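The primary structure of each chain is shown beneath.
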Amino acid sequence: MKSELAMRESKDLLPLRLENIVFVAGGRRIIDGISLVLDAGARTLIVGPNGAGKSVLLRLCHGLLEPTAGAVRWNSAETPGCARRQAMVFQRPILLRRSAVGNVSYALKLARIPRVQRIARARDALRKVGLEAAAAYPARVLSGGEQQRLALARAWSLRPEVLFLDEPTASLDPRAAQEIENVIAAMHAAGTKIVMVTHNLGQARRMADEILFLHQGKLVERADAGRFFKDPASPEAARFLEGELPW
Amino acid sequence: MSGLSEAGGEALRLIAGADPRLLDIVLLSLRVSLSAVAIACLVGLPLGAAIGVSRFHGRRALIVVLNALMGLPPVVVGLLVYLLLSRAGPLGELGLLFTPAAMVFAQAILITPIIAALSRQVVEDAWAEYHEQLRSLGENRVGAAMTLLWDLRYSLVTIVLAGFGRAAAEVGAVMIVGGNIDGVTRVMTTAIALETSKGDLPLALGLGVVLLSIVLAINAAAYVVKESAERRTG
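Rules and cut-offs
Think of each chain on its own: its residues are numbered from 1, step by step along the sequence as written. The order in which chains are written sets their letters, starting at A; the order in which ligands are written sets their numbers, starting at 1. For a predicted model such as this one, the threshold for reporting local features is a pLDDT of at least 70, and the threshold for listing and counting side-chain atom pairs is 80 or more; totals across whole chains, interfaces and linings nevertheless cover every residue. Counting from the N terminus, the helices are DSSP H or I runs at least four residues long and the strands are E runs at least two residues long. Here the globule rule reads 2.2 Å times residues to the power 0.38, and the radius of gyration is calculated from C-alpha atoms. Residues are defined as contacting one another if the C-beta atoms placed from their backbone atoms lie within 7 Å. To sort residues by burial, count the other C-beta atoms lying within 10 Å of each one's C-beta; a count of 20 or more means buried, 12 or fewer means exposed, and anything in between means partly exposed. C-beta atoms are built from the backbone. Residues were grouped as follows: Ala, Val, Leu, Ile, Met, Phe, Trp, Tyr, Cys and Pro as nonpolar; Asp, Glu, Lys and Arg as charged; and all remaining residues, including Gly, as polar. As a per-residue measure, pLDDT tells how confident the predictor is, with possible values from 0 to 100. The pairing criterion is simple: DSSP has to find at least two bridges between the two strands. Orientation is described by axes fitted as lines to C-alpha atoms, over the contacting stretch for helices, and by angles from 0 to 180 degrees between their N-to-C directions. Multiplying 1.5 Å by the residue count of a helix minus one yields the expected span of that helix.

So, the overall build of chain A
- Per the secondary structure count, chain A includes 8 helices and 9 strands.
- In terms of overall size, chain A behaves like a compact globule, its C-alpha atoms giving a radius of gyration of 18 Å where 247 residues would be expected to give roughly 18 Å.
- Expressed along its principal axes, the backbone C-alpha trace of chain A runs to roughly 55 × 40 × 40 Å.
- Contacts in chain A between residues at least 24 apart in sequence constitute 69% of all its contacts with a sequence separation of at least 6.

Have a look at this one:
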């Protein structure tokens, strides 16, 4: 497998180091002292009960939120005002009122891709997610699954080193969810680090190389996926897997 | 109700006769109000969008003031512009008083707050929905404001129409700074006011029917364009 990132000149973005990060909102410690290192390669899935802080952790990593305490350090930090080297896909795709290809080329414009290259690159991304026939359609009239695939195409066109996903299939039917999983697997195969939140344990089983288990704002367990599902080390994870903790 | 039917007849007669003086008045009304809307959009839309996507000290106070300015009385705006443009005023040397340019200026001042305040509201609502995605893609606030304005273009049509309606309907400001000079600064509303004070109520009402028809036609056209474009792009 040929890595899309092999040609990159600058130093790698990863590993990402979280140093004892805390995030407080409304007097509640939503993230309560998490330290970890995320390396390139493995697909990392974040699971845990509702309110564990999964989505907030993802946003802290991606820079959408600032930690109240602690530090989020990339191996080589992104330069403010320059093209981003990481992307995020949200639970509900936010698409602009333009064509599918227009949504992708908008992201490419923000990534400082020269105008002449944008359309070709956007169409290539649409082809990879199976939306080439819908390129000219208004993005907002696509089905839910197609919209999410378009959001993935938009992220993929940027050739990010890291892709964060926040429950990208939560509002989709199983078939559409399967298509999303396929696209994510293809992006991973092309060299993008996957960090994904899910509340779907079946999905976590299918997709994860490693699991981060969060509970009440703390990283309770980090384990190889096979081991986590067979033999969780923490009582919280065991109870969560048995369905005793709400998810 | 005979007055109204008489007015309807008068309006029909005016239109059917294609009275050149009426046509001049109609065209000047449209020119003044549409120019004012254009200027108010150039200022008001970016201003509203900028306030919608930014957070700064005194923002709430600014929004309250902006919202309050939507209720600016036209005569007060007219008076202020009159003072600005009169011979002794700071802009007196431009010699704009009692010209259509002065009327455009006054109406632009009148409706810029309307367009800014209403667009601020829709942009702010959209920003709540879009901001994580746009920031994730690396968009800055200026770019985000412009992106949102384009994305909200169909909602903004209604806002621009509200501004146009206000401009086309007001009489106080154009009367003071334009002077209702026959053939120079006489527009629909000042003509109606004049005919009413002269006691020619059928003509005044007839002009009113014409004015209403024009505003209605413009709104209908904008609505049709907006609806079909919206259906196409979702």
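Describing the overall build of chain B
- A count of helices and strands for chain B gives 10 helices and 0 strands.
- Projected onto its principal axes, the C-alpha coordinates of chain B cover approximately 65 × 50 × 30 Å.
- Burial status across chain B gives 39% buried among its 234 residues.
- Excluding contacts between residues fewer than 6 apart, the proportion of contacts in chain B whose partners are at least 24 apart in sequence is 78%.

Let's talk about the interface of chain A and chain B
- Listed by partner, the interface residues are 16 residues for chain A and 13 residues for chain B.
- When grouped by side-chain class, the residues that make up the side of chain A that touches chain B number 12 nonpolar, 1 polar and 3 charged.

Things to note about the confidence of the model for chain A
- When pLDDT is averaged across chain A, the result is 93; 94% of the residues are at 70 or more.
- Note on residues 5–9 of chain A: pLDDT under 50 across the span, and 3 contacts to partners over four residues away in sequence or across chains.

Some words on the sheet that holds strand 2 (residues 28–38) of chain A
Residues and elements named next belong to chain A.
- Ordered by their spatial adjacency, 3 strands build an open sheet running 2-1-4, and the pairing between neighbours is antiparallel. Each of the sheet's edge strands pairs with one partner strand only, and the pair in question is strand 2 and strand 4 (69–74). Adjacent strand axes in the sheet meet at a mean angle of 20° when their direction is disregarded.
- Lying over the sheet, helix 1 (residues 54–62) contacts strand 1 (16–25), strand 2 and strand 4, oriented at roughly 55° with respect to strand 2.

Observations regarding the pairing of strand 1 of chain A
All names here are of chain A.
- Two elements, strand 1 and strand 2, share 8 bridges in a ladder whose sense is antiparallel. Bridge pairing in strand 2 places L16 opposite L38.
- Of the strand pairs in this sheet, strand 1 and strand 4 are connected by 5 bridges, and their pairing is antiparallel. The residue bridging R17 from the neighbouring strand is R73, located in strand 4.

Some thoughts on the sheet that holds strand 6 (residues 162–166) of chain A
Residue and element names in this part refer to chain A.
- Within the open sheet, the 6 strands sit side by side as 5-6-7-3-8-9. Their pairing is mixed. At either end of the open sheet lies a strand with only one pairing partner, and these are strand 5 (86–89) and strand 9 (218–224). In this sheet, neighbouring strand axes are inclined to one another by 15° on average, regardless of whether the strands run parallel or antiparallel.
- Relative to strand 7 (residues 193–197), strand 3 (residues 44–47) runs parallel, the two being bridged by 3 bridges. Looking across to strand 7, one finds that L45 is bridged to M196.

Digging into the environment of R175 of chain A
- Of note, R175 of chain A is situated in helix 5 (residues 174–189).
- As a C-alpha pair, R175 of chain A and A186 of chain A span 11 residues in sequence and 17 Å in three-dimensional space.

Observations concerning the confidence of the model for chain B
All names here are of chain B.
- Here chain B averages 92 in pLDDT, while 98% of its residues score no lower than 70.
- Between the elements of chain B, mean pLDDT differs from a low of 76, seen in helix 1 (residues 2–17), to a high of 97, seen in helix 5 (residues 100–136).
- For this predicted complex, the interface score ipTM comes out at 0.90, alongside a pTM of 0.87.

Structural notes on helix 4 (residues 144–157) of chain A
Residues and elements named next belong to chain A.
- Between the first and last C-alpha of helix 4 there are 20 Å, a value that for 14 residues agrees with the 20 Å anticipated at 1.5 Å per step.
- In terms of burial, helix 4 is a largely internal element, 12 of the 14 residues being buried.
- Every buried residue belonging to helix 4 is among E146, Q147, Q148, R149, L150, A151, L152, A153, R154, A155, W156 and S157, and all of these are buried.
- On its buried face, helix 4 sits against strand 5, helix 2 (100–110), helix 3 (115–128), strand 6 and helix 5.
- R159 sits one or two positions beyond helix 4 and adopts a positive phi of about 45°.

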